[in-house]
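Observations on the model geometry
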Amino acid sequence: MREQPHLLGARFFFQPTAAKWLTDGTADWFWPMAEKLELPVMFLSIGQTPLFAKIAEQHPRLPLIIDHLGVTIEAVKEGVVAQRIAETVALAKYPNVSVKLSSPPLYSAQKYPWRDMDDHIKRVFDAYGPRRCHWGTDYTNAIARATVVQFEHAQITYHRWSLIRTRFQLQPVLRGIEAEPGPVLSTLLDRALRTDLE
């Protein structure tokens, strides 16, 4: 895996169909291999964050990163955001676990500035500290939405181009930007592609 030129880590969302992999042994081979490679692993699950305590303890050199504060849209719908935050905070005792502070606007039950998320963010930040809290890459999308709510009559059109890895794949993006100019928020690892986009 490390031989792949732009592989910086792995990211998993253990949705209901894949959730059993955490308990039935399916994923057991992966953790020691990722630890040996020191490959950061980002994860999100629906109510299974506590299962990562055992993984963190058994693989202390495996960097584990909890995605989106450990909260999902399902947690919001079920009214268990505080419980999911508590599960995230419980993993802070493992030094190899960190957390992405991302998606609060999407999880808030309030309008901008989403004050009902303040205590949750503070609780996570206090548990992990500044060195183990990460800015989430989806935050640019949330911030773009945040600024839009301040302008009631603005008409915004979103264009999303995912998984752009080659110049060929970048061409439709460039044509789209040329056809409808405006601000562009992007995350591109490949320096040459970033230069083309600029």
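Predicted model, so just to flag it, every value in this text is computed and none were measured. (Residues numbered from 1 in each chain as written. Predicted model: local features only at pLDDT ≥ 70, side-chain atom pairs only at ≥ 80, totals over all residues. Heavy atoms only, no water.)

A few points about the overall build of the protein
Counting its regular elements, the protein contains 10 helices and 5 strands. Within the structure as shown, the protein displays about 12,600 Å² of accessible surface, and the carbon and sulfur contribution to it stands at 56%. (Helix = DSSP H or I, 4+ residues; strand = E, 2+ residues; numbered from the N terminus. Areas by Shrake-Rupley, 256 points an atom, 1.4 Å probe, with all protein chains shown as cover.)

Side note on helix H9 (residues 167-179)
Compared with an ideal rise of 1.5 Å per residue, which puts 13 residues at 18 Å, H9 spans 18 Å between its outermost C-alpha atoms and is within 8% of the ideal. Inspection of H9 places Leu170, Val173 and Gly176 among the buried residues, and these make up the whole buried set. An end-on view of H9 places all buried positions within 115° of arc, on one side of the element. Opposite its buried face, H9 presents the exposed residues Phe168, Arg175, Glu178 and Ala179, each directed more than 90 degrees away. Its buried side turned inward, H9 meets helix H10 (191-197). (Expected span 1.5 Å × (residues − 1). Buried < 20%, exposed > 50% of the residue type's maximum accessible area, 1.4 Å probe, protein only. Arc of directions from axis to C-beta. Contact = heavy atoms within 4.5 Å.)

Quick look at the side chain of histidine 59
As for its placement among the helices and strands, histidine 59 is situated in the loop between helix H3 (52-58) and strand E3 (64-66). The residues touching histidine 59, leaving out its near neighbours within four places in the chain, are Trp31, Pro32, Glu35 and Asn96.

Let's talk about helix H7 (residues 118-128)
Among the residues of H7, His120, Val124 and Tyr128 are the ones counted as buried. Across the axial projection of H7, the buried residues extend over an arc of 50°, all falling on one side. Opposite the packed face of H7, turned more than 90 degrees from it, sit the exposed residues Asp119 and Asp126. As for H7, its buried residues are in contact with E3, helix H5 (81-90), strand E4 (97-101) and strand E5 (133-135).

A look at the nonpolar core
Counting 35 residues, the largest nonpolar core has Trp31, Phe52, Leu64, Leu91, Val97 and Tyr128 as the members making the most contacts within it. When contributions to this core are tallied by element, the ones reaching two or more residues are strand E1 (10-14), helix H2 (30-37), strand E2 (41-45), H3, E3, H5, E4 and H7. At 4 residues, the largest contribution of residues to this core is made by H3. Residues within four places of leucine 64 in sequence aside, it is in contact with Trp31, Val41, Phe43, Phe52, Ile55, Ala56, Asn96, Val97 and Ser98. (Core = buried A, V, L, I, M, F, W, Y, C linked by side-chain atoms within 4.5 Å.)

Overview of the pattern of salt bridges
Pairing is possible between side chains that carry opposite charge, provided their charged atoms lie close to one another. This model, assessed by the stated rule, comprises 6 salt bridges. Between aspartate 118 and arginine 115 there is a salt bridge, with its nearest N and O atoms 3.4 Å apart. On the accessibility criterion, aspartate 118 (34% relative accessible area) is partly exposed. Looking at arginine 115, the relative accessible area reads 53%, which means it is exposed. Lysine 122 serves as the salt-bridge partner of aspartate 126, at 2.7 Å between the closest nitrogen and oxygen. Of the two residues, aspartate 126 and lysine 122 both sit in helix H7, 4 residues apart, roughly one turn of that helix. Here the salt bridges do not stand alone but share partners, grouping Arg11, Asp67 and Lys100 into one network. (Salt bridge = Lys/Arg side-chain N within 4 Å of Asp/Glu carboxyl O.)

The values are spatial; any link to function lies outside them.
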